[in-house]
Amino acid sequence: MEKITPADIRYADLVGKRFNKRFEGKPEYIRIPSSTEDVIAAVQDAVDSKRRVVVRSGGHCLEGFVSDPTAQVLVDLSLMTGVAYDADKAAFIVESGVTVGEMYRRLFLGWGLVLPAGEHPGIGTGGHILGGAFGFLCREYGLAADYLYGVELVTVDAGGIAKSIIATRETADPHHDLWWAHTGAGGGNFGIVTRYWLRAPEATGNDPFTALPKAPDKITTFRISWDWQAFNETSFAHLVRNFGTWCQQHSQPDTPGSRLFSILFLNHRNIGKLEMKGLATGPGAMLLINEHLTAIAGPIGIAYEQQTEESSWLRFALNPFPELFQPGFDNVQAKIKDAFFRQPFTDRQIATAYQYLTVQAPIGGMLGMATYGGKVNSISPDATASAQRDCIMDVACNTGWITPEGAAPSLEWVRNFYRDLFPDTGGVPVPNAQTDGAMINHPDTDLASPEWNRSGIPWHTLYYKDNYPRLQKIKAKWDPLNIFHHALSIQAG
Ligand SMILES: Cc1cc2nc3c(=O)[nH]c(=O)nc-3n(C[C@H](O)[C@H](O)[C@H](O)COP(=O)(O)OP(=O)(O)OC[C@H]3O[C@@H](n4cnc5c(N)ncnc54)[C@H](O)[C@@H]3O)c2cc1C
C-alpha cells in the first residue's frame, strides 16, 4: 500500500475530504487501506517511525481531531466499503469506510432493512456508530450503537505491536469491555475500527431478513415555516414552550409519538424564518403529524406555510430535506455546541434564546431543538457507553461562516449564547434534573476549557457521566501507549 504524499494528485482531494473547513491538517502522507491487514501495516509503520497517526472515515468530525496540524499520518478508510451478511455471526458486516447513506442503500435494497443512524448521508459509519449515533428513526428504533454486535479494531499493544481484535457483545467474550466501549465512547480513542457487526439485540436465529429492523414502508415528512417578523417575545416563548411540553409528554419508550421525529429550527432573525421539519412512519403518520402541529404550532395563532410529502424510506434517507445542505455547505466553517435536556426550557432560557436570536449581529446561526427519547430511553445508562437515557430533547447552538471575517463574530455569538443558557451551572449543561451533559458525536472542545466550562464538572462527565471510569480502564488496557488521542479523548485511568 502506497504512501500518498503531497506530490500525488490524490493528496489534495483526500486532505480536502472534511466537512468542517475550520480545521486543516497537513499529514506527511496518507494511506488508503483496502483491508484490515493494510490497516495493521499502516499503523505499524507509523508507530515504528514514531509518527502521530489519525484515522478518518467519512470526514464529518465537527472538531479538528483528524484535520490536526500535529497529525503526521492519515489513514483514510474510503476504500473499505463492504456491506454483507455474515452467517457465522448472524449479523451484518459494515466496513468503516461505508457512509451512512450507502449503508441505508445496501441494507434497504438487499434486505428491506434499516439500521437507525444519523441524518446526513455523507457521514462515515466509522466515526459515527461508535459515538452512539442518533437520527430520524432513533425514537422508534433506538441508537445505531444499540445494534452493535461486534467490532473489529486495529490496536497497538504495550510493546508497540499493531494487531487486530474482534470484540462482541457476548458476555463470555474476553473482549466484551472493548465492545461496550464502542457503543458510545466516540472515535479516535482505542484504535482503528475496520468493521462493525450489527444485529438487533432481540433477533434470534440466522435469518438476515430479521437481523435488523424492517425499514419503514413509507415516510411522511412535514415542513412548516413562519415569517420571523410575525413573532414577538411572547409568541416566541409560546412556541418554544409548546415544543418542550410535547417532548416531555411523548418521550417514553412505548409512546405512539415515538414514530415521529422533529426539529424546531429557531434560526437567527437574520435568516428570516422560523421552521419545523420532521417525519413520521406507519399508517397513522399523518394523524401523528397533525396532532404534533396542533399541539405546537396551532396555539401560537401565527400563520405558517406547510408542506407534507410521502416517499420511500430510501428515497428520503439519501436526500433528506435537501434545503438543509444547500450550495456553500461544502465550504462551511462551523461550530456546534450540543446539550441534552431532560426537561423543557425554563422561561429564563427562552428569554436568553430570544435575545441571542434577535440581536443585531453579522452572523448566521440558530438554536436547533430535536425530539429525543422514545426507544433510546428503553436502555439503561450503563448497558452501553451512551449514558444519556432519559432525555427528551437534544439541543444545539450552531453557527457557520464562509469568509475569514465571519469567524470572530460567529464564534463569539455561539459561545456566549450557549454559556448564557446555563447561567447557574457554569455555562454548561451539567447532569442535573433539567440537563444531562452533551453528545460525544457532537464534540465541543470548549467543554474542556476553563474559560467556557466554569461548572467544576469535567468535560468527560458531561459526555460519559458515570461510564467514564470504565472507559478509562478500557483505554489503559487497549491503548497503553496512547497512540490514538485527540483533544477530547479518553484518558487512561
Ligand atoms: C452535517 C453533519 C450531520 C451530522 N448528523 C448527525 C446525526 O444525525 N446524528 C449523529 O449522531 N451525529 C451526527 N453528526 C456527527 C457525526 O456522527 C460525527 O461527526 C461522526 O464522528 C462522524 O464520523 P465520520 O466518520 O464521518 O467522521 P471522521 O471525521 O472521519 O471521524 C470523526 C472522529 O471519529 C474518528 N474515527 C473515524 N473513523 C474511525 C474508525 N474507523 N475507527 C476509530 N475512530 C474513527 C476520527 O479519528 C475522529 O475522531 C453529524 C455531523 C455532520 C458534520
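J.: Before we move on, could you go through the overall build of the chain and cite the residues and values that matter?
T.: For the chain, the count of helices and strands is 13 helices and 15 strands. Against the globule reference of 23 Å for 493 residues, the chain gives a C-alpha radius of gyration of 22 Å, in line with a compact fold. For the chain, the proportion of its 493 residues judged to be buried stands at 59%. Considering only intrachain contacts with a sequence separation of at least 6, the fraction spanning at least 24 residues in the chain is 73%. Summing over all exposed atoms, the chain offers an accessible surface of approximately 18,600 Å²; the carbon and sulfur share of this is 53%. Computed over 43 positive and 52 negative side-chain charges, the inter-centroid distance for the chain is 2 Å.

J.: Describe in detail the site of the ligand, supporting the description with residues and values.
T.: The full set close to the ligand counts 32 residues, and S57, H60, G127, H128 and F134 are the nearest of them. Coverage of the ligand by the protein chains reaches 94% of its 950 Å² of free accessible surface. For the shell around the ligand, the element with the most residues is helix α4 (residues 125-128), which contributes three residues. Considered class by class, the residues forming the shell around the ligand number 14 nonpolar, 16 polar and two charged.

J.: Break down the packing of helix α10 (residues 347-358) against helix α11 (residues 407-421) for me, with residues and values.
T.: At a minimum axis distance of 9 Å, the contact between α10 and α11 shows a crossing angle of 165°. As far as their axial angle goes, α11 and α10 are roughly antiparallel. The crossing of α10 and α11 is right-handed. In contact with Q349, T352, A353, Y356 and L357 of α10, α11 contributes W413, N416, F417, R419, D420 and L421. Looking at the contact of α10 with α11, its residues break down into six nonpolar, three polar and two charged.

J.: Quick rundown of the sheet that holds strand β7 (residues 162-168)? Include the residues and the values.
T.: Whenever strands of a sheet pair, they do so through backbone hydrogen bonds, lying parallel or antiparallel. Spatial strand order, β4-β5-β8-β6-β7: five strands in an open sheet with antiparallel pairing. Strand pairing shows two members of the sheet lacking a second neighbour, β4 (83-86) and β7, which therefore form its edges. Sheet twist, expressed as the mean angle between neighbouring strand axes with direction ignored, is 20°. Bridge analysis of strand β6 (residues 148-156) against β7 gives seven bridges, and the strand direction is antiparallel. In the sheet register, V151 faces β7, and the bridge partner there is A167. Against the sheet, helix α2 (residues 36-48) contacts β6, β7 and β8 (192-198), and its axis sits at roughly 35° relative to β6.

J.: Run through the nonpolar core, naming residues and quoting values.
T.: Counting 126 residues, the largest nonpolar core has W226, F236, L266, F345, L367 and M369 as its most contacted members. Ranked by residue count, the leading element in this core is helix α7 (residues 233-249), at seven residues. L266 has contacts with F236, L239, V240, L274, L357, M366, L367 and M369, leaving out every residue within four places of it along the chain.

J.: Run through the pattern of salt bridges, naming residues and quoting values.
T.: With the rule as written, the count across this model stands at 31 salt bridges. In this structure, K337 and D446 form a salt bridge, with 2.7 Å as the shortest nitrogen-oxygen distance. A residue pair is termed long-range when its members are at least 10 positions apart, and K337 in strand β13 (residues 333-341) and D446 in the loop between α11 and α12 (459-464) qualify at 109 residues. Residue K337 is classed as buried on the basis of its relative accessible area, which comes to 1%. For the salt bridge of D424 with R348, the shortest nitrogen-to-oxygen distance reads 3.2 Å. Of this pair, D424 sits in the loop between α11 and α12 while R348 sits in helix α10, placing them 76 residues apart in sequence. Take D424: its relative accessible area is 65%, and that puts it in the exposed class. Taking relative accessible area as the criterion, R348 reaches 49% and is therefore assigned partly exposed. One continuous salt-bridge network, built from bridges that share partners, spans E63, K335, K337, R415, D444 and D446.

J.: Go over the sheet that holds strand β15 (residues 393-401) with me, naming the residues and quoting the values.
T.: With respect to topology, seven strands assemble into an open sheet ordered β12-β9-β11-β10-β14-β15-β13, the strand pairing being antiparallel. Both edges of this open sheet fall to β12 (305-311) and β13, since each of them pairs with a single strand only. Ignoring which end each strand starts from, the neighbouring axes of this sheet average 15° apart. Lying over the sheet, α10 contacts β10 (260-267), β13 and β14 (365-371), oriented at roughly 145° with respect to β14. Packed onto the sheet, α11 meets β13, β14 and β15 and runs at close to 160° relative to β15.

Calculation criteria
Residues numbered from 1 in each chain as written. Predicted model: local features only at pLDDT ≥ 70, side-chain atom pairs only at ≥ 80, totals over all residues. Heavy atoms only, no water. Helix = DSSP H or I, 4+ residues; strand = E, 2+ residues; numbered from the N terminus. Rg over C-alpha atoms; globule rule 2.2 N^0.38 Å. Buried < 20%, exposed > 50% of the residue type's maximum accessible area, 1.4 Å probe, protein only. Contact = heavy atoms within 4.5 Å. Areas by Shrake-Rupley, 256 points an atom, 1.4 Å probe, with all protein chains shown as cover. Lys, Arg positive; Asp, Glu negative; His and termini not counted. Charge placed at Lys NZ, Arg CZ, Asp CG, Glu CD. Near = heavy atom within 4 Å. Nonpolar A, V, L, I, M, F, W, Y, C, P; charged D, E, K, R; others polar. Axes fitted to C-alpha atoms, helices over the stretch in contact; angles between N-to-C directions. Parallel < 35°, antiparallel > 145°, perpendicular 65-115°, else oblique. Left-handed = near helix turned anticlockwise from the far one by under 90°. Pairing = 2+ DSSP bridges. Core = buried A, V, L, I, M, F, W, Y, C linked by side-chain atoms within 4.5 Å. Salt bridge = Lys/Arg side-chain N within 4 Å of Asp/Glu carboxyl O.

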